[in-house]
Amino acid sequence: MLSAVALSIACCLATSAEAREIKSVKFEVLDSSSVGLPFTPRKVEWVLGKVRVEGTVRNTSPDDYEWIEVVYTALDRNGNVLGSDVWHVTPLQLASGEIGEVDGDLINTKGRIPSVIQVEIVGETP
C-alpha cells in the first residue's frame, strides 16, 4: 500500500512540474457561436505534450440553457489543424446571467504548441 501511495504522489508531482503556462496562444471566437454566450480564457497550459485550457462562459442572453459545449480547434501559425476537442461547461444548465466554468480535458496537438485556438460555443435552450 505504501508503494501505491508513493507512486500516486510521484505522478502528481511530475504532472504539476511539467505543466507550464503558455501566454503566446491567441483565441478566436467563431462568428457561428451562440449569441449571448461570450467565452473568456483564463489560463492555457502545456501539460505532457498537450494543451489545457481554463476559462468561463457567461450567459448574457435572456434565455436559460440546458447545456453548453465549447468546441476548441488548435491551429499552428499556418492555419493547419493540430487537434480539437469538445468540453461541457459546468454547471450543465446555465440560467441567464450565470457564469459557467470550462476546465478539464487536454487537447492533443501532435506534440506542438498551437499559435491559435478557435473557440465555438454551442448550446441548447429548453
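Below, the structure is looked at part by part. No experiment lies behind these values; they were computed from the predicted model shown.

The next point concerns the side chain of E69. Along the chain, E69 falls in strand 5 (residues 67-75). With residues near it in sequence (within four places) discarded, E69 still touches V86, W87, H88, E120, I121 and V122.

Membership of the largest hydrophobic core comes to 23 residues, with the highest contact counts inside it found for V53, V57, I68, V70, Y72, I117 and I121. Of all elements in the fold, only strand 3 (39-47), strand 4 (50-58), strand 5, strand 6 (81-88), strand 7 (99-108) and strand 8 (116-124) reach the threshold of two or more residues within this core. A per-element tally of this core places strand 5 first, with four residues. Those residues in contact with I68 that lie beyond four places of it in its chain are L37, V57, W87, H88, V89, L92, L94, I121, V122 and G123.

As a further point, take unusual backbone geometry. For residues that are not glycine, phi is negative in most cases, and the peptide bond is trans in most cases. T90 connects to P91 through a cis peptide bond whose omega is 5 degrees. Relative to the elements of secondary structure, P91 occurs in the loop between strand 6 and strand 7. If you check the backbone angles, L48 has positive phi at about 50 degrees while not being a glycine. At K110, a residue that is not glycine, the phi angle is positive and equals roughly 55 degrees.

What follows concerns the pattern of salt bridges. Considering all chains together, one arrives at eight salt bridges under this definition. We note a salt bridge from K23 to E21, for which the minimum N-O separation is 3.8 Å. Linked through salt bridges whose partners overlap, the residues forming this network are R42, K43, E45, R52, E54, E101 and D103.

Another point: the sheet that holds strand 1 (residues 20-21). On the basis of which strands lie adjacent, the open sheet formed by four strands has the order 1-3-4-7 and antiparallel pairing. The strands lining the two open edges of the sheet, one partner per strand, are strand 1 and strand 7. Inspection of the sheet shows strand 3 paired to strand 4 by eight bridges, in the antiparallel sense. Paired with E45 across the two strands is R52, which belongs to strand 4.

Scoring rules and cut-offs
- Residues numbered from 1 in each chain as written.
- Predicted model: local features only at pLDDT ≥ 70, side-chain atom pairs only at ≥ 80, totals over all residues.
- Heavy atoms only, no water.
- Helix = DSSP H or I, 4+ residues; strand = E, 2+ residues; numbered from the N terminus.
- Contact = heavy atoms within 4.5 Å.
- Core = buried A, V, L, I, M, F, W, Y, C linked by side-chain atoms within 4.5 Å.
- Buried < 20%, exposed > 50% of the residue type's maximum accessible area, 1.4 Å probe, protein only.
- Salt bridge = Lys/Arg side-chain N within 4 Å of Asp/Glu carboxyl O.
- Pairing = 2+ DSSP bridges.

Purely geometric stuff here, so don't read any function into it on its own.
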